[in-house]
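One-letter residues, chain by chain:
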Amino acid sequence: MARTKDHLLNKMWRTKSARFNAGQRLRVIHALSIWTTSFLAFYVFCMSLAAIFILYYNLTSDPAQYSQYFSLATLVLSVFLIIVTLLESSKRYLNEADSMLQSGNEIGEIYNLFQSFSEDEKEKKRTEVARQYSKVLKALPVNHKDIDFAAFQIQNASELGIGWGGLFLVVLKFAFLSVIEYGLFLFMLISPLIFTLALTL
């Protein structure tokens, strides 16, 4: 069952939890962004060295041709790295993560205060608390995503009354959204290796 039957409390509980999940997700994306660009930079460096070693030490039957292939790959990856770096630097993941966490904390304070009221006090102050809650929501221009709410549903399945069948569907949804959210970074980490392997075949 839900944690409380009070509609306003339920809304604040769901929102603050999703905001906390969003903050964690954005921090993970920030770390992945740094690791990915660092890996690509290191990979470009290795490709440059490979082109030199192949040509200098005659490591293949046609070192000049293979050296050209690796030089071309290095050029393509260098341009790709510049584009990725520019795009990722324009996304302020940590700032957004901090904003999400701050919003979650502010909603949590309102939630805890409203929860401490007696039933009579809740009815008297419901409009004021709802106004404060709306003010916190409007203060943050970026909202949490469906993946953050799906994570909340998984974390609180028993309290939300989600059965095994429903939970399975939520997990599938979370997995699908995770691929969309993090798939680009995985692609950027794997694709250079596949590209290099294709060159050597």
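Refer to the preceding data block for the structure.
Residues numbered from 1 in each chain as written. Predicted model: local features only at pLDDT ≥ 70, side-chain atom pairs only at ≥ 80, totals over all residues. Heavy atoms only, no water.

Enquirer: Explain the overall build of the protein to me, using residue names and the numbers behind them.
Expert: Summing up its helical and strand segments, the protein has 7 helices and 0 strands in all. Taken from N to C terminus, the helices and strands of the protein fall in the order α-α-α-α-α-α-α. Across the 201 residues of the protein, 36% fall into the buried class. Here the analysis covers contacts within the protein between residues at least 6 apart in sequence; of these, 80% occur between residues at least 24 apart. (Helix = DSSP H or I, 4+ residues; strand = E, 2+ residues; numbered from the N terminus. Buried < 20%, exposed > 50% of the residue type's maximum accessible area, 1.4 Å probe, protein only. Contact = heavy atoms within 4.5 Å.)

Enquirer: Lay out the side chain of serine 33 with the relevant residues and their values.
Expert: Mapped onto the elements of the fold, serine 33 is located in helix 1 (residues 7-57). In this structure serine 33 comes out as buried when scored by relative accessible area, which is 8%. Setting aside its immediate chain neighbours within four residues, serine 33 contacts Glu88, Tyr93 and Phe185.

Enquirer: Account for helix 3 (residues 93-116), with residues named and values stated.
Expert: End to end, helix 3 covers 34 Å across 24 residues, agreeing with the expected 34 Å (1.5 Å per residue, within 8%). Buried residues of helix 3: Tyr93, Ala97, Met100, Ser103, Gly104, Ile107, Gly108, Ile110, Tyr111 and Phe114, and no others. (Expected span 1.5 Å × (residues − 1).)

Enquirer: If you had to explain the nonpolar core to someone new, which residues and values would you point to?
Expert: By size, the foremost hydrophobic cluster in this structure holds 14 residues, and its most contacted members are Leu8, Met12, Phe114 and Val129. Elements with a minimum of two residues in this core: helix 1, helix 3 and helix 4 (119-139). Leave out the neighbours within four places in its chain, and valine 129 touches Leu8, Met12, Ile110, Phe114 and Phe117. Tyr93, Ala97, Leu140 and Met188 belong to the second-largest nonpolar core, a separate cluster that totals 12 residues. (Core = buried A, V, L, I, M, F, W, Y, C linked by side-chain atoms within 4.5 Å.)

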